[in-house]
Amino acid sequence: MPFDLLIRGGHVLDPGQGLDGVLDIGIEGSTITAVAADLPADRAGQVIDAGGPGRYVVPGLIDIHTHVAHGATTPGVGMECCEPDSIGVESGVTTVVDCGSVGVANIGVFPVHIQPRAATRTICFANAACYAHTMPGLSDMRTVDELDLSAMRLCVEHNPGLVQGIKLRLVGAIAAEQGEELIRRATAMATEQDVPLMIHIGDFGRDDPAHRVRMAELTSFLLEHLRPGDILTHLCTPNPGGVLDGGGLALPALRKARENGIALDSALGRGNFGYAVAAELARQGIFPDTISSDLTVYGADFHSLVECMAKFMAIGYSLSDVVRMTTANAAGAIGLSDELGALAVGREADVTIIDVVEGDFTFLDTTDTTFTGRHGIAPVQTVRAGRLFAPRWGTHPWGWLPAPSRR
Ligand SMILES: [Zn+2]
């Protein structure tokens, strides 16, 4: 059987399906039609040799927390968004989820300007707040009425399939004052639309002991109120509202939420990744389900999803762990396990080829703490729905790999 594209001789690593060995992947049109050893190459339209030390073929990477409402920035958004393909197919990522860069007031840019232009599969989680307020201090939500259930209802009615999740940012003065009501309304909205609710924890607007106590109380409240299938994002935040109590122990509600099927997403970003928190959670046996980048244009110059994966390897997670967290687990967290996150016959042909490079690397967390690791990851090729994309230069002046350690 002829293939349009054959990825040959690569080390296939698909932890969700237990694949870990040399296999070929045959693609016809936009679909995977064979995954087996020694597929015939003579009649393939195009052949990629994926063999070599440190090279792996993995399911197309999925970044479940990004900001890609490129060109839709408004004073209400207060945050500039990436161009989807720049952090998508040109960065080894085949699916990105935009998490709350737009609300009902400006969501129209997605189907008209963002999704049709992107080769990357681009999924929209709408901000629960109509004007998509995001940054504490810069554009605080003023009233809980900005979570307008009837407006969201109309929006979904007029844009079938567009809103695949609801995002709530639990930040700013309004969260401290009326956080419980925000959580109730956002939950009602997500329940009505039958989509996952993703809640941002970690308030970097203010940091004092009283605020830490209040935001911890609110995080416990939300962990008790999230529904199975909902997502807590910024698991490893060192900011007020994080999941460790004053003594450094995981909040009891966190373990219970995990048992109840709440997905724990790490979304490192610029402001919400504490190395000490991530290491302490791992020590206590609490591992995030997913790794995501929380990229905005301010982050896209110095980190990437593959670098976030390398950071977790520096904490002690295996390559198989970090690939699972960005493929099968990520697909599960957004309710698309049947479609995404696996290299399987009949699936859309989303494939990422990466190099895992050993060396001495230095990383920086959001508290300016440095930590070191032994692995860097660089994308080599991306296949999205059967189409090939070469990665761009990288996020650093020297390319994709993390900063080398100085000796
Ligand atoms: Zn974000």
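It should be noted that the structure appears before, not after, this text.
Numbers given to residues run from 1 along each chain, matching the order in which its sequence is written. Given that the model is predicted, a residue must reach a pLDDT of at least 70 before its local features are reported, and side-chain atom pairs must reach 80 or more before they are shown or counted; all residues, however, enter totals for whole chains, interfaces and linings. Working from all heavy atoms in the structure, the side-chain values ignore hydrogens and water.

1. Points about the overall build of the protein
A run of DSSP states H or I qualifies as a helix once it reaches four residues; a run of E qualifies as a strand once it reaches two. Both are numbered from the N-terminal end. Within the protein, the secondary structure is distributed over ten helices and 16 strands. Here the radius of gyration uses the C-alpha set of atoms, whereas the globule reference equals 2.2 Å times the residue count to the power 0.38. Compactness check: the protein gives a C-alpha radius of gyration of 21 Å against a globular reference of 22 Å for 407 residues, within 12% of the reference. With respect to the principal axes defined by its C-alpha atoms, the protein has extents near 65 × 55 × 40 Å. Considering only residue pairs separated by 6 or more positions, the protein has 75% of its internal contacts joining residues 24 or more positions apart. Total accessible area computed for the protein in this model is approximately 15700 Å², and 51% of it derives from carbon and sulfur atoms. Every residue pair with non-hydrogen atoms within 4.5 Å of one another is taken to be in contact. Per-residue and other accessible areas follow the Shrake-Rupley method at a 1.4 Å probe size, with only the shown protein chains counted as cover for residues.

2. Regarding unusual backbone geometry
For aspartate 38, which is not a glycine, the phi torsion comes out positive at approximately 55°. Note that aspartate 38 resides in the loop between β3 (31–36) and β4 (46–49). What makes aspartate 38 exposed here is its relative accessible area of 72%. The phi dihedral of aspartate 294 falls on the positive side, at around 55°, and the residue is not glycine. When accessible area is computed with a 1.4 Å probe and restricted to protein chains, residues below 20% of their type maximum are described as buried, those above 50% as exposed, and intermediate ones as partly exposed. Judged by its relative accessible area of 14%, aspartate 294 falls in the buried class.

3. Focus: the coordination of the zinc ion
Surrounding the zinc ion are the protein donor atoms His65 (NE2), His67 (NE2) and Asp294 (OD), at 2.1 to 2.2 Å. With water omitted from the atoms examined, metal sites may look incomplete; donors here are N, O and S atoms no farther than 2.8 Å from the metal, or 3.2 Å in the case of Na, K and Ca. Counting the intervening residues between successive donors of the zinc ion yields the motif H-x1-H-x226-D. Given a relative accessible area of 1%, histidine 65 falls into the buried group.

4. Overview of the packing of helix α3 (residues 149–158) against helix α4 (residues 172–193)
Here the axes come from fitting lines to C-alpha atoms, over the contacting stretch only for helices, and the angles between their N-to-C directions go from 0 to 180 degrees. Viewed as axis vectors pointing N to C, α3 and α4 meet at an angle of 25°, and their least axial separation amounts to 10 Å. It follows that α3 is roughly parallel to α4 by the angle criterion. In this structure, the crossing between α3 and α4 has a hand that is right-handed. Here Leu149, Met152, Arg153 and Val156 of α3 come into contact with α4, specifically with Arg185, Ala188, Met189, Glu192 and Gln193. An angle below 35 degrees is treated as roughly parallel, one above 145 as roughly antiparallel, one from 65 to 115 as roughly perpendicular, and anything else as oblique. Two helices cross in a left-handed way if the nearer one is turned anticlockwise from the farther one by less than a right angle. They cross in a right-handed way if the turn is clockwise.

5. Quick look at the sheet that holds strand β12 (residues 263–264)
With respect to topology, seven strands assemble into an open sheet ordered β6-β7-β8-β9-β10-β11-β12, the strand pairing being parallel. Two strands bound the open sheet, and with one partner strand each, they are β6 (61–66) and β12. Pairing between strands is defined by DSSP: at least two bridges between the two strands are required. In this sheet, strand β11 (residues 231–233) lies alongside strand β10 (residues 197–200) in parallel orientation, the contact comprising three bridges. Within β11, the residue paired with methionine 198 across the bridge is isoleucine 231. Sitting on the sheet, α3 is in contact with β8 (121–127) and β9 (163–169), with an inclination near 155° to β9.

6. Here's the deal with the environment of isoleucine 183
Tracing the sequence through the fold places isoleucine 183 in helix α4. What makes isoleucine 183 buried here is its relative accessible area of 1%. It is 9.9 Å that separates the C-alpha atoms of isoleucine 183 and alanine 128, two residues lying 55 residues apart in sequence. Contact partners of isoleucine 183, with chain neighbours within four places excluded, come to Leu168, Leu170, Ile199, Leu218, Phe221, Leu222 and His225.

7. Overview of the pattern of salt bridges
Opposite charge on two side chains makes pairing possible when the charged atoms of those side chains draw close. Whenever a carboxyl oxygen of Asp or Glu lies within 4 Å of a side-chain nitrogen of Lys or Arg, that contact is scored as a salt bridge. Per the counting criterion, the structure on display carries 19 salt bridges. The residue arginine 55 makes a salt bridge to aspartate 355 at a minimum N-O spacing of 2.8 Å. Taken as a pair, arginine 55 in strand β5 (residues 55–59) and aspartate 355 in strand β13 (residues 351–364) lie far apart in primary sequence, 300 residues in all. What makes arginine 55 partly exposed here is its relative accessible area of 23%.

8. What to know about the side chain of aspartate 230
Its location among the elements puts aspartate 230 in the loop between α5 (209–225) and β11. Judged by relative accessible area, aspartate 230 falls into the buried class, the value being 0%. Any pair of nitrogen or oxygen atoms within 3.5 Å is treated as a polar contact; in protein, a donor-acceptor pairing is required on top of that, and neighbouring residues in sequence qualify only through side-chain atoms on both sides. At a separation of 2.9 Å, a polar atom in the side chain of aspartate 230 contacts the main-chain amide nitrogen of leucine 197.

9. Here's the deal with the packing of helix α8 (residues 305–315) against helix α9 (residues 319–326)
Two quantities define a packed helix pair, namely the angle between the helix axes and the distance between the axes. Contact geometry of α8 with α9 gives a least axis separation of 9 Å together with a crossing angle of 140°. By the angle class used here, α8 and α9 are oblique. Crossing geometry of α8 relative to α9 is assigned as right-handed. Only Leu319, Val322, Val323 and Thr326 of α9 make contact with α8, whose side of the interface consists of Leu305, Met309, Phe312 and Met313.

10. With respect to the environment of glutamate 217
Within the secondary structure layout, glutamate 217 lies in helix α5. Glutamate 217 gets classed as partly exposed once you look at its relative accessible area, which sits at 46%. C-alpha of glutamate 217 to C-alpha of leucine 251: the two residues are 34 residues apart in sequence and 9.7 Å apart in space. Side-chain polar atoms of glutamate 217 contact the side chain of arginine 214, separated by 2.6 Å.

11. So, the packing of aromatic side chains
Pairing of aromatic rings covers Phe, Tyr and Trp, the last counted by its six-membered ring, and requires centre-to-centre distances within 6.5 Å; plane angles under 30 degrees mean stacked, over 60 mean edge-to-face, and any other angle means tilted. Applying the stated criterion to the full structure yields six aromatic pairs. Geometrically, the ring pair formed by phenylalanine 273 and phenylalanine 371 is tilted, given 6.3 Å between the ring centres and 50° between the ring planes. With phenylalanine 273 in the loop between β12 and α7 (275–283) and phenylalanine 371 in strand β14 (residues 370–384), the pair connects residues that are 98 residues apart, well separated along the chain. One exposure class covers both phenylalanine 273 and phenylalanine 371, and it is buried. Ring plane angle 20° and centroid distance 4.4 Å describe the contact between tyrosine 275 and phenylalanine 371, whose orientation is recorded as stacked. Of this pair, tyrosine 275 sits in helix α7 while phenylalanine 371 sits in strand β14, and the two are 96 residues apart along the sequence.

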